[in-house]
Amino acid sequence: MTTRLIADETLTAALARMLAADLAPGWTVLLDGPVGAGKTHFARAFIRARQGDLAEDVPSPTFTLVQTYDDPMGTEIWHADLYRLTDPSELHELGLEEAMSDAICLIEWPDRLETRPPRAMTIALTPCPDPALRRIVLDCPGADRLAARAGFVAQAGWGEARVVPLAGDASARRYFRLQGPQGAAVLMDDPGGSMPAFLAMTRWLLDRGFGAPAILVQDATQGLALVQDLGDDLLARVLERDPAVAPVAYDRVADLLVDLHHHPVPDVVPALDGAALADQVGLFSLYPQALGIDVPDIGPLIAGLHADLAADQRPVTALRDFHAENLIWRGAAPLGLIDYQDAVAAHPAYDLVSALQDARRDVAPQIEAVTIARYLAATGLDEARFRGAYALLGAQRGLRIMGIFTRLCLRDGKPRYLDFMPRVWGHVQRNLAHPALAPLARALADVPAPDAAIVERIRARCARP
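On a predicted model such as this, the values are computed, not experimentally measured, just so you know.

*Asks:* Which residues make up the sheet that holds strand β10 (residues 183-189), and what values do they have?
*Replies:* Strand order in the open sheet formed by five strands is β8-β9-β10-β12-β11, and the pairing between neighbours is antiparallel. Among the strands making up the open sheet, the edge pair consists of β8 (162-166) and β11 (215-219). In this sheet, neighbouring strand axes are inclined to one another by 25° on average, regardless of whether the strands run parallel or antiparallel. By the bridge criterion, four bridges tie β11 to strand β12 (residues 224-228) in an arrangement that is antiparallel. The residue bridging valine 217 from the neighbouring strand is leucine 226, located in β12. Of the strands in this sheet, β10, β11 and β12 touch helix α6 (residues 195-207), which is tilted by about 155° from β11.

Dropping the structure here:
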């Protein structure tokens with residue numbers, strides 16, 4: 001993918017820092033362009049960004065030909081200037097070709113190479129008539145988004161910030177922490193079109209006192225936003241460090257949902273009703289299909305069960321991806337909220353199921369029972385009706401997740417989610433044990449559990465990323 005832009009020194013450095021946050025060992029960056037075009041300026045910003053607080057001087061390697069650096073993640077970075085290279089055979093003496101396999105290599109004057117390295121991208125810089133500007137041509141995967149992110153942060157006044165990647169989710173969204181003179185902020189890059197929904201829900205939540213991040217700068221058209229950094233204390237991490245926090249934490253989860261469900265549903269969210277649940281559960285078929293098994297269409301069953309068990313209950317706002325990795329522990333402050341752009345109007349049990357039947361971590365049965373009881377006591381909902389709907393929504397959600405995890409492996413080359421399948425299937429089986437779900441349990445009776453052998457069968461078919 002090729003992208004072109006005009007950049008000053010600030011934007012050039014911002015582009016280098018953005019690339020530094022993205023690049024993995026084994027990649028080579030070919031910095032092409034004449035003398036004075038800004039190749040060393042780009043390389044210097046890249047290397048110092050990788051080194052962070054340990055950044056050192058980055059001199060031009062014009063006379064040494066090669067300079068090497070280490071970053072805190074243990075990656076070796078090679079910065080080469082081949083202008084004075086008299087013969088390609090000298091590359092063997094430098095060790096540059098060997099380094100390309102497991103280091104990050106930045107090479108100025110790449111036309112001196114005999115062949116293009118196997119995992120290489122080209123960044124070509126040429127001067128403009130205005131000496132403060134240069135033309136940059138990016139020829140690399142994701143060049144358009146890389147340029148958009150760099151341009152956005154530079155225009156927002158964060159062009160000097162260091163960029164650190166944050167763990168993403170199963171979508172195409174990307175998250176980065178910016179650390180600059182102003183402090184810290186989180187850059188959201190959402191090429192999928194859900195940024196307007198995120199911004200609308202953020203405003204709605206903030207207006208009602210919930211712990212969503214403040215919006216600092218946004219460009220919904222480009223799918224970019226700079227938001228308040230709520231910190232690193234994801235509830236999942238806090239519970240891993242100190243399991244004793246769980247009773248208090250899940251009391252807070254129940255109380256948050258009680259408060260959230262008191263507010264009328266915002267007009268901007270779609271309904272997750274029986275028809276929508278039936279449509280979504282169609283993804284489950286990807287799991288048995290990956291094993292060569294045909295199963296009946298369970299969508300009509302889901303819709304019918306929803307009509308029997310849940311349709312009479314007034315819908316509430318459900319944040320949908322509501323679990324311990326999307327909640328941030330902030331002491332006495334309200335729980336921080338992230339990843340709520342897919343909020344819906346749904347049965348009150350939906351977010352409780354999401355939090356208590358977590359695909360990524362075990363929640364103790366006693367915690368699940370106490371949290372449900374706390375929610376019911378605060379809302380006064382009919383317990384028997386609620387538990388039937390809870391089981392249905394838990395089964396539907398788990399079955400859909402089984403299909404999503406299969407698709408992430410087979411289509412998107414992301415096999416790590418397969419490791420969660422046994423836990424999710426366990427949730428499904430517990431939910432199917434509810435007497436009201438007997439028809440659904442019968443329909444799925446022949447579907448095998450995702451044991452180690454089945455998970456490996458699917459993993460063996462994983463797409464290459």
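Further notes follow.
*Asks:* Residue-level account of the pattern of salt bridges, with values.
*Replies:* Proximity of charged atoms lets side chains of opposite charge pair with each other. As enumerated under the stated definition, the model contains 20 salt bridges in all. Among the salt bridges present, the one from aspartate 229 reaches arginine 177, with a minimum N-O distance of 2.6 Å. You can see aspartate 229 sitting in the loop between β12 and α7 (235-241) and its partner arginine 177 sitting in strand β9 (residues 174-180), a full 52 residues away along the chain. Each member of the pair, aspartate 229 together with arginine 177, is buried.

*Asks:* Requested: an account of the pairing of strand β4 (residues 76-81), with residues and values cited.
*Replies:* Burial analysis of β4 places five of its six residues in the buried class, the great majority of the element. Joining the antiparallel neighbours strand β3 (residues 66-70) and β4 is a turn of five residues, in which glycine 74 adopts a positive phi near 90°. As judged from the five bridges shared by β4 and strand β5 (residues 104-108), these two strands associate in the parallel manner. Looking across to β5, one finds that isoleucine 77 is bridged to isoleucine 104.

*Asks:* Please provide a residue-by-residue account of the side chain of serine 194, values included.
*Replies:* Along the chain, serine 194 turns up in the loop between β10 and α6. Within the structure, the side chain of serine 194 is placed 2.2 Å from the side chain of aspartate 190, a separation counted as a polar contact. Leaving out residues up to four positions away in the same chain, serine 194 has contacts with Arg173 and Gln341.

*Asks:* Explain helix α17 (residues 452-459) to me, and be specific about the residues and the numbers.
*Replies:* Of all the positions in α17, only Ile454, Val455 and Ile458 are classed as buried. Projected down its long axis, α17 shows its buried positions confined to an angular sector of 100°, all on one face. Exposed positions of α17 whose direction lies more than 90 degrees from the buried face are Ala452 and Ala453. For α17, the elements touching its buried residues are α10 (286-290), α14 (383-410) and α15 (421-432).

*Asks:* Can you explain the pairing of β3? Please cite residues and give values.
*Replies:* Across five bridges, β3 lies against β4 in antiparallel orientation. Each residue of the ladder has a partner; that of threonine 68, found in β4, is tryptophan 78.

*Asks:* So what about the packing of aromatic side chains? Which residues, and what values?
*Replies:* Inspection of the entire model under this criterion finds ten aromatic pairs. Each ring, one from phenylalanine 284 and one from tryptophan 425, has its centre 6.4 Å from the other, and the planes form 10°; the classification is stacked. You can see phenylalanine 284 sitting in the loop between α9 (274-280) and α10 and its partner tryptophan 425 sitting in helix α15, a full 141 residues away along the chain. The pair formed by phenylalanine 284 and tryptophan 425 is uniform in burial state, with each residue classed as buried. Members of the aromatic cluster, connected to one another through ring pairs, are Phe284, Tyr287 and Trp425. One Lys or Arg, arginine 252, reaches over the ring of tryptophan 329 and ends 4.9 Å from the middle of that ring.

Conventions used here
Throughout, a residue's number is its position along its own chain's written sequence, starting from 1. Per-residue local features are limited, in this predicted model, to residues with pLDDT of at least 70; the limit for side-chain atom pairs, both in listing and counting, is 80 or more; totals at the level of whole chains, interfaces and linings are taken over all residues. Processing note: side-chain calculations cover all non-hydrogen atoms of the structure and skip hydrogens and water entirely. Should DSSP find at least two bridges between two strands, the strands are taken to pair. Secondary structure follows DSSP: runs of H or I at least 4 residues long count as helices, runs of E at least 2 residues long count as strands, and numbering of each begins at the N terminus. Axes, fitted as lines to C-alpha atoms, cover a helix only where it is in contact. Angles between the N-to-C directions of the axes lie from 0 to 180 degrees. We call two residues in contact whenever any of their non-hydrogen atoms come within 4.5 Å of each other. Put simply, a salt bridge is a Lys or Arg side-chain nitrogen that is within 4 Å of an Asp or Glu carboxyl oxygen. With a 1.4 Å probe rolled over the protein chains alone, any residue whose accessible area is under 20% of its type maximum counts as buried; one over 50% counts as exposed, and the rest are partly exposed. The term polar contact refers here to a pair of N or O atoms within 3.5 Å; inside protein, the definition further demands a hydrogen-donor-capable atom paired with an acceptor-capable atom, and it admits residues adjacent in sequence only when both atoms are side-chain atoms. Directions are taken from the helix axis to each C-beta atom, and the arc is the one they span. Each Phe, Tyr or Trp ring (for Trp, its six-membered ring) is paired with any other whose centre lies within 6.5 Å, and the angle between the two planes then decides the class: stacked below 30 degrees, edge-to-face above 60, tilted in between. By definition, being over a ring means that NZ of Lys or CZ of Arg is both within 6 Å of the ring centre and within 35 degrees of the ring normal.

Take it as geometry only, folks, not as evidence of what the structure does.
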